[in-house]
Amino acid sequence: MSQQFLSSTGEKNLPFFLPEPFQKWFAGHGWQPRAHQLELLAKAQAGKSTLLIAPTGAGKTLAGFLPSLVDLAQTPKPRPGEAKRGIHTLYISPLKALAVDIKRNLEKPIEEMRLDINVETRTGDTPVSRRQRQKLNPPQILLTTPEQLALLIANKDAPRFFDNLQNVIFDELHSLVTSKRGHLLALGLARLRSFRPNLKTIGLSATVAEPDDLRRWLVAQPELGEIALSEFVHLQGGAKPNITILQSDERVPWSGHSARYAMGDVYRAIKAHGTTLLFVNTRSQAEILFQELWNINEDTLPIALHHGSLDVSQRRKVEEAMQRNELRAIVATSTLDLGIDWGDVDLVVHVGAPKGASRLAQRIGRANHRIDEPSRAILVPANRFEVMECQAALNANYLGAQDTPPLLRGALDVLAQHILGTACAGPFHADDLYREITSSAPYADLNREEFDQALDFVSTGGYALRAYDQYAKIRKTEDGTWRLSHPSIAQRYRMNCGTIVEAPMLDVRLTRKRGKNTAFQGGPILGKIEEGFIESLAIGDTFMFSGQTLRLEGIREAACYVSKAADTDPKVPAYAGGKFPLSTYLADLVRGMLADEGERKELPPQVREWIEIQKLKSILPKRDELLIETFPRGDRYYMVAYPFEGRMAHQTLGMLLTRRLERARAKPLGFVATDYAIAVWGLRDFSAMIKKQEINLSGLFDEDMLGDDLEAWLDESFLLKRTFRYCATIAGLIERRFPGKEKTGRQMTVSSDLIYDVLRSHDPNHILLQATRADAAHGLLDVRRLGDMLSRTKERIVHKALEQISPLAVPIMLEVGRESIAGEAQESLLEEAASELVKLG
Amino acid sequence: MALPAEQSELPAMEIGFQGETLLIDPRGCLYWPREGMLIVSDLHLEKGSSFAAKRGNFMPPYDTHATLERLALCVTDWQPKTILSLGDSFHDNDASLRLPQSCRLALRQLMEGREWIWVCGNHDPEPPENLGGTFCTEMMLGPLNFLHEPQAQFRYGEIAGHLHPAAKIRRRGKAVRRRCMVGDGRRLIMPAFGAFTGGLNVKDAAFDNLFESTELQSWLLGQNAVYQISGSQLVP
């Protein structure tokens with residue numbers, strides 16, 4: 001029984017086939033299959049790959065699986081004795097928890113329609129026994145993660161495992177494609193296509209700025225620079241969310257990120273709603289707010305904490321309590337960002353600035369997971385700039401504007417990992433593999449030279465000094481194929497596969513308070529914490545973790561030992577800045593607010609007044625201008641610039657500016673960067689130097705700083721060393737784990753820094769250094785954004801010499817003294833410590 | 001003992017040890033003016049290729065070049081009569097066989113016209129092949145006693161390596177870690193000189209019982225200076 005259907009894009013007579021049990025099932029629930037669900041079904045039945053963009057709550061998941069369910073319902077399972085078939089449908093999600101959640105949601109219709117389809121998950125948490133069984137007897141639908149796919153295709157049984165594969169569904173595609181995970185996944189997809197050339201892909205995504213990027217990603221790219229696109233189903237709309245900015249009677253602080261001032265208001269909001277999700281940007285924020293809420297929780301409302309560093313069992317407990325509707329509020333970081341269905345959340349509170357309009361929309365989608373009811377959300381800015389940012393995001397959300405980051409070219413370190421993975425599965429011809437890799441969108445413009453470099457790296461390290469030819473990991477054999485030289489290499493590959501390189505983490509173990517010279521007694525593990533943070537503490541310091549105040553007792557191997565502290569006012573970690581940079585789009589809106597009074601009318605009075613006073617005391621820059629203020633304070637002189645380009649770009653700018661000011665003999669001493677501004681201080685009067693033209697501001701901020709100065713700085717930058725460690729780990733030069741023994745991050749950091757130094761001075765064009773520079777330009781250093789800003793503000797620098805600090809400068813001046821140190825500043829600390837000894841002596 | 005003018009300007013730190021004057025070079029070596037002797041420890045030459053040979057792990061094969069280049073700079077500055085390499089000069093017993101030709105030549109050049117002493121270490125218990133120099137397990141000269149591994153029993157004037165000491169200080173909430181020389185007036189332990197050698201914190205258990213803790217001093221190697229910091233200021 002075939003039916004016809006008019007598509008949303010006006011395509012006529014799109015035939016589809018929906019078997020009777022499905023029609024009955026929809027009808028039985030009083031539903032109609034939605035147009036986009038049928039459209040996707042029709043396209044899949046026509047053998048086409050499709051991107052579906054739809055708002056949260058539109059039945060996206062069912063739409064994605066419907067073609068597979070219909071197809072499988074028509075195909076009888078093999079009878080006993082018949083050959084087992086490989087999997088039919090592969091579903092890939094960025095989050096383990098999402099795969100588990102989807103399984104629950106899929107089983108319901110399968111059960112209700114009495115379909116004979118088995119669905120299984122396979123994640124890092126799946127027991128080895130089940131993974132083995134899945135290989136021998138694959139389920140029809142397998143729900144998994146990008147890392148597991150990489151492992152599956154690196155296996156010699158991969159062609160058999162996937163020989164019946166029809167559909168691959170990518171959930172939350174918009175978030176998958178922007179990272180190196182997405183690069184590895186794209187290469188995996190290209191591999192799957194080699195096994196099954198007629199494979200159909202279905203991408204499920206939230207709204208993005210450039211849907212064509214995702215459409216390219218889903219299908220094989222032809223040679224010679226042509227572009228192929230998948231089909232596209234776009235469902236607009238959804239009810240407009242009801243978002244407000246918290247109106248507090250309390251004073252909004254100048255700076256800081258804790259939003260403590262607002263907790264009374266937030267608590268009242270929690271009381272007034274059924275279930276509230278509180279989103280924050282970082283773990284430490286989550287810990288602080290959780291404690292603040294419990295301090296005022298007079299009604300002992302069930303309020304829970306959830307973040308990625310907590311132990312898995314603790315997280316599961318919270319998730320389960322949430323599903324049983326036992327919680328009134330949950331304080332969470334981005335671990336809950338993506339499409340997990342949390343049921344009856346009726347309020348989302350977003351603490352801190354959202355940093356990007358798309359991220360905000362995504363998080364607010366959590367509330368009322370139903371498309372036809374508006375979500376309710378409250379934004380809680382933590383400081384005055386964040387008030388402006390929240391207002392901008394709010395305007396943006398109403399406009400439906402999107403600021404998803406552009407897709408990047410496929411990374412070379414990921415490519416190296418994939419090449420080794422391919423060799424682990426079996427011999428390959430370089431020409432074939434090159435063709436396969438360039439059929440994936442991120443690597444479509446990879447040239448042969450780069451590919452050969454990566455191949456050479458995998459084989460012998462790719463060094464100009466060909467020292468390791470005799471130890472090659474993969475070799476070209478007589479039949480022209482490349483093969484692994486030893487099976488143990490495949491075993492090691494499996495231990496090191498994946499692109500997620502965590503900052504070195506230590507287990508947090510609870511122990512008793514320790515007397516002198518007693519050994520640590522192992523207690524329960526509370527979770528994991530960044531090694532860098534623990535190293536900044538002294539024994540006896542207290543900090544917040546998993547909702548408790550803990551006292552550091554000591555560090556042994558890969559664990560830090562803590563005891564419960566009676567202390568209620570812990571030494572809380574200094575906020576290390578936002579995880580996410582302010583998006584270019586929001587930055588532009590915030591600049592607009594400063595420039596145009598009309599844009600400010602929605603802001604709370606205290607913030608509006610602050611900006612008005614700035615206008616009286618200094619200057620409000622126009623939208624395309626860069627304001628620079630100079631003023632004395634204490635025994636130092638300050639220069640503050642307001643580019644609004646995010647902390648990472650500002651940090652790079654700071655390093656380069658201090659170099660240039662040094663050359664101008666302005667004696668700069670240090671700088672501090674926030675998302676909004678940068679402040680440099682020094683010993684000479686900047687205002688006077690500018691007046692006497694000893695400093696030329698347009699020269700100082702000239703784009704040419706991204707040339708030699710950047711190169712010179714990069715060479716000694718600790719940021720680049722960190723980036724190098726990521727790349728070297730992904731490419732397999734540095735191993736994460738070794739059979740039998742786990743290498744601690746501590747040892748790894750030492751050696752990767754040494755490797756970097758030696759490589760940089762002896763083989764500066766090595767492929768890993770290329771990969772590192774490419775990463776740094778977009779990631780930690782945000783050079784591209786800095787470059788855009790410098791060229792935008794060329795000839796548009798406005799300078800104001802002031803007698804004292806301006807209102808706009810107050811927030812960043814409060815950050816002065818909290819700056820992190822590197823390079824030369826470290827030497828000055830050593831000098832200080834050494835001179836103290838002299839004084840004591 | 002007065003140094004020649006050009007040497008007195010080097011950023012080295014002078015210390016007294018067992019009645020002798022020694023100079024700590026921030027690049028990680030020790031100069032003994034009375035004997036005209038330059039002492040380095042734990043060069044770990046060919047550590048990179050050792051990883052490749054044993055584990056198929058392709059560390060950049062430039063560590064020996066880098067180590068010898070740095071040593072050559074020190075030799076140019078100090079013009080020593082004798083160079084003493086205090087054990088673990090090679091990362092493994094076959095390492096001297098794997099030396100690239102250019103490195104072998106560079107090493108020969110450094111050895112030419114001066115006495116060279118290889119003290120054996122746990123990584124290189126056998127003398128290197130075809131390189132010359134004197135090979136010994138321990139060397140005593142005046143009040144000083146050079147050997148690779150520090151001995152459990154106190155012996156005055158011992159200068160050892162092996163442990164790759166590094167020290168960490170924390171000031172204003174920030175930690176700084178550097179390779180260092182460490183000693184208590186009776187014993188000195190040298191930092192590792194090799195390009196691929198990491199460090200072990202002097203607060204680690206491996207250093208327990210080696211020093212009189214109240215007398216512990218460390219000399220942290222900065223970019224262009226040595227910083228003397230007392231043991232009580234160091235953190236794990």
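Just so it is clear, the structure is predicted and the values come from calculations on it, not from any experiment.

**Student:** Got a minute to help me understand the overall build of chain B in this structure?
**Tutor:** Check the secondary structure of chain B and you find 5 helices and 16 strands. In terms of C-alpha radius of gyration, chain B reaches 17 Å, essentially the compact-globule figure of 18 Å for 236 residues. Its C-alpha atoms put chain B at 45 × 40 × 35 Å along the principal axes. Buried positions account for 59% of the 236 residues belonging to chain B. Put simply, 66% of the contacts in chain B that link residues at least 6 apart link residues at least 24 apart. Roughly 9,300 Å² of accessible area belongs to chain B as shown, and the carbon and sulfur atoms make up 48% of that amount.

**Student:** Sorry if this is basic, but what is going on with the sheet that holds strand β25 (residues 668-673) of chain A here?
**Tutor:** Strands pair in a sheet through their backbones, by hydrogen bonds, and they do so in one of two ways: parallel or antiparallel. Residues and elements named next belong to chain A. Spatial ordering of the open sheet is given by β25-β26-β24-β23-β29, a layout of 5 strands whose pairing is mixed. Edge positions in the open sheet fall to β25 and β29 (797-801), since each of these has one partner strand only. Neighbour-to-neighbour, the strand axes of this sheet turn through a mean angle of 20°, independent of strand direction. Here β25 runs beside strand β26 (residues 678-682); their pairing, made up of 5 bridges, is antiparallel.

**Student:** Would you mind showing me how to read the confidence of the model for chain B here?
**Tutor:** Fine structural detail should not be taken from predicted coordinates in areas where pLDDT scores are low. When pLDDT is averaged along chain B, the result is 92, and 98% of the positions lie at 70 or above. We note a pTM of 0.81 for the whole complex and an ipTM of 0.89 for its interfaces.

**Student:** So what exactly am I meant to see when it comes to the interface of chain A and chain B here?
**Tutor:** One widely used convention gives an interface's size as the accessible area the parts lose upon coming together. At the interface, 43 residues of chain A touch 43 residues of chain B. Buried surface at the junction of chain A and chain B, summed over both partners, amounts to about 3,700 Å²; 61% is from carbon and sulfur atoms. Scanning the region where chain A abuts chain B turns up 0 salt bridges. There are 9 residue pairs in polar contact (both at pLDDT 80 or more) connecting chain A and chain B. For the side of chain A that touches chain B, the secondary structure elements donating two or more residues are α18 (448-460), α28 (745-762) and α32 (824-840) of chain A.

**Student:** How should I be thinking about the packing of aromatic side chains in this particular structure?
**Tutor:** For any pair of aromatic rings, the description rests on two quantities: the centre-to-centre distance and the angle between the ring planes. With the rule as written, the count across this model stands at 24 aromatic pairs over all chains. Pairing Y468(A) with Y471(A) gives two aromatic rings, centres 6.2 Å apart and planes at 50°, and the pair type is tilted. Side by side, Y468(A) and Y471(A) carry an identical accessibility label, which is buried. Put simply, the rings of W254(A), F385(A), W610(A), F644(A) and Y676(A) pair up and form one aromatic cluster. Between R384(A) and the ring centre of W254(A), over which it is positioned, the NZ or CZ distance is 4.3 Å. If you follow R70(B) out to its NZ or CZ, it ends over the ring of F193(B), 4.2 Å from the centre.

**Student:** Would you mind showing me how to read the domain arrangement of chain A here?
**Tutor:** Residues and elements named next belong to chain A. Domain boundaries in chain A define domain 1 (2-234), domain 2 (242-399), domain 3 (413-500 + 718-777), domain 4 (505-564) and domain 5 (618-716 + 781-827). Counting from both sides, the interface comprises 7 residues of domain 2 and, opposite them, 9 residues of domain 5. Contact between domain 2 and domain 5 buries roughly 780 Å² in total, counting both sides, with carbon and sulfur atoms accounting for 68%. Our count for the domain 2 to domain 5 interface comes out at 0 salt bridges. At the boundary of domain 2 with domain 5, the tally comes to 1 residue pair in polar contact (both at pLDDT 80 or more). For the side of domain 2 that touches domain 5, a count of residues per class yields 2 nonpolar, 2 polar and 3 charged.

**Student:** Honestly, the pattern of salt bridges in this entry has me stumped. Any pointers?
**Tutor:** Any two side chains of opposite charge can pair, on the condition that their charged atoms come close. Residue and element names in this part refer to chain A. The full count for this structure, using the stated rule, is 44 salt bridges over all chains. Linking R181 and E147 is a salt bridge whose minimum nitrogen-to-oxygen distance equals 2.9 Å. A residue pair is termed long-range when its members are at least 10 positions apart, and R181 in helix α9 (residues 180-195) and E147 in helix α6 (residues 146-153) qualify at 34 residues. With respect to burial, R181 and E147 carry one shared label: buried. Connected through shared salt-bridge partners, D588, R591, R623, E645, R785 and R792 make up one network.

**Student:** Is there a simple way to explain the sheet that holds strand β5 (residues 82-85) of chain B in this structure?
**Tutor:** Residue and element names in this part refer to chain B. Reading across the sheet, the 7 strands line up as β1-β2-β3-β4-β5-β6-β7 and stay open at both edges, with mixed pairing between neighbours. Edge strands, defined here as strands with exactly one partner in the open sheet, are β1 (13-17) and β7 (134-136). Strand after strand, the sheet turns through a mean of 25° between neighbouring axes, direction not considered. In the sheet, strand β2 (residues 20-25) pairs with strand β3 (residues 29-32) via 3 bridges, with the strands oriented antiparallel. The residue bridging D25 from the neighbouring strand is C29, located in β3. Along the sheet, helix α3 (residues 63-78) makes contact with β2, β3, β4 (37-40), β5 and β6 (115-119), crossing β4 at roughly 160°. Against the sheet, helix α5 (residues 101-111) touches β5 and β6, its axis set at about 120° to β6.

**Student:** Before we go on, may I ask you to explain unusual backbone geometry in this structure?
**Tutor:** Among all residues except glycine, the phi angle is most often negative; among peptide bonds, the trans geometry is most common. Backbone geometry at T300(A) places phi at a positive 40°, although glycine is not the residue there. The class of T300(A) is exposed, set by a relative accessible area of 56%. Backbone geometry at Q79(B) places phi at a positive 45°, although glycine is not the residue there. Counting through the fold element by element, Q79(B) comes out in the loop between α3 and β5.

**Student:** How should I be thinking about the confidence of the model for chain A in this particular structure?
**Tutor:** Residue and element names in this part refer to chain A. With 84% of its residues at a pLDDT of at least 70, chain A reaches an overall mean of 83. Ignoring residues within four places in sequence, the model shows residues 572-579, a span with pLDDT below 50, making 14 contacts including any to other chains. Contacts of residues 738-750 to residues separated by more than four positions or lying in other chains number 26 contacts, the stretch itself having pLDDT below 50.

**Student:** Mind showing me how you'd approach the nonpolar core here?
**Tutor:** Where a protein is soluble and globular, its nonpolar side chains tend to be buried together. In this structure, L293(A), V380(A), M388(A) and V562(A) are the most contacted members of the largest nonpolar core, which totals 93 residues. Considering each element in turn, this core owes the most residues, 7 residues, to helix α15 (residues 384-399) of chain A. With sequence-adjacent residues up to four places away left out, V562(A) is seen in contact with V508(A), R509(A), L510(A), T511(A), L526(A), F543(A), L550(A), R551(A), L552(A) and E553(A). Core analysis: the next-biggest nonpolar cluster, separate from the first, contains 58 residues, L187(A), V414(A), I755(A) and F51(B) among them.

**Student:** What exactly am I supposed to notice about the packing of helix α2 (residues 35-45) of chain A against helix α3 (residues 60-74) of chain A here?
**Tutor:** A packed helix pair is summarised by two numbers, namely the angle formed by the two axes and the spacing between the axes. All names here are of chain A. Look at α2 against α3: their axes get within 8 Å of each other, and the N-to-C directions meet at 45°. Here α2 lies oblique to α3, going by the angle between them. Handedness of the crossing formed by α2 with α3: right-handed. Along the contact surface, α2 presents H36, Q37, L40, L41, A44 and Q45, while α3 presents L62, A63, G64, L66, P67 and V70. A breakdown of the residues in the contact of α2 with α3 according to their chemical character gives 8 nonpolar, 4 polar and no charged.

**Student:** Just to check I follow, could you spell out helix α23 (residues 647-663) of chain A for this structure?
**Tutor:** Helical periodicity: at 3.6 residues per turn, an α-helix aligns residues three or four positions apart in one direction. Residues and elements named next belong to chain A. Its 17 residues place the ends of α23 24 Å apart at the C-alpha level, agreeing with the 24 Å of an ideal helix rising 1.5 Å per residue. Buried within α23 we find A649, H650, T652, L653, G654, L656, L657, T658, R660 and L661. Once α23 finishes, R665 follows within two positions and takes phi at roughly 60°, a positive value.

What counts as what
- Residues numbered from 1 in each chain as written.
- Chains lettered and ligands numbered in written order.
- Predicted model: local features only at pLDDT ≥ 70, side-chain atom pairs only at ≥ 80, totals over all residues.
- Heavy atoms only, no water.
- Helix = DSSP H or I, 4+ residues; strand = E, 2+ residues; numbered from the N terminus.
- Rg over C-alpha atoms; globule rule 2.2 N^0.38 Å.
- Buried < 20%, exposed > 50% of the residue type's maximum accessible area, 1.4 Å probe, protein only.
- Contact = heavy atoms within 4.5 Å.
- Areas by Shrake-Rupley, 256 points an atom, 1.4 Å probe, with all protein chains shown as cover.
- Pairing = 2+ DSSP bridges.
- Axes fitted to C-alpha atoms, helices over the stretch in contact; angles between N-to-C directions.
- pLDDT = per-residue confidence, 0-100.
- Buried area = accessible area lost by both parts, 1.4 Å probe.
- Salt bridge = Lys/Arg side-chain N within 4 Å of Asp/Glu carboxyl O.
- Polar contact = N/O pair within 3.5 Å; in protein donor to acceptor, adjacent residues only side chain to side chain.
- Phe/Tyr/Trp six-rings, centres within 6.5 Å; stacked < 30°, edge-to-face > 60°.
- Lys NZ or Arg CZ within 6 Å of the ring centre and 35° of its normal.
- Domains from an automatic or database assignment.
- Nonpolar A, V, L, I, M, F, W, Y, C, P; charged D, E, K, R; others polar.
- Core = buried A, V, L, I, M, F, W, Y, C linked by side-chain atoms within 4.5 Å.
- Parallel < 35°, antiparallel > 145°, perpendicular 65-115°, else oblique.
- Left-handed = near helix turned anticlockwise from the far one by under 90°.
- Expected span 1.5 Å × (residues − 1).

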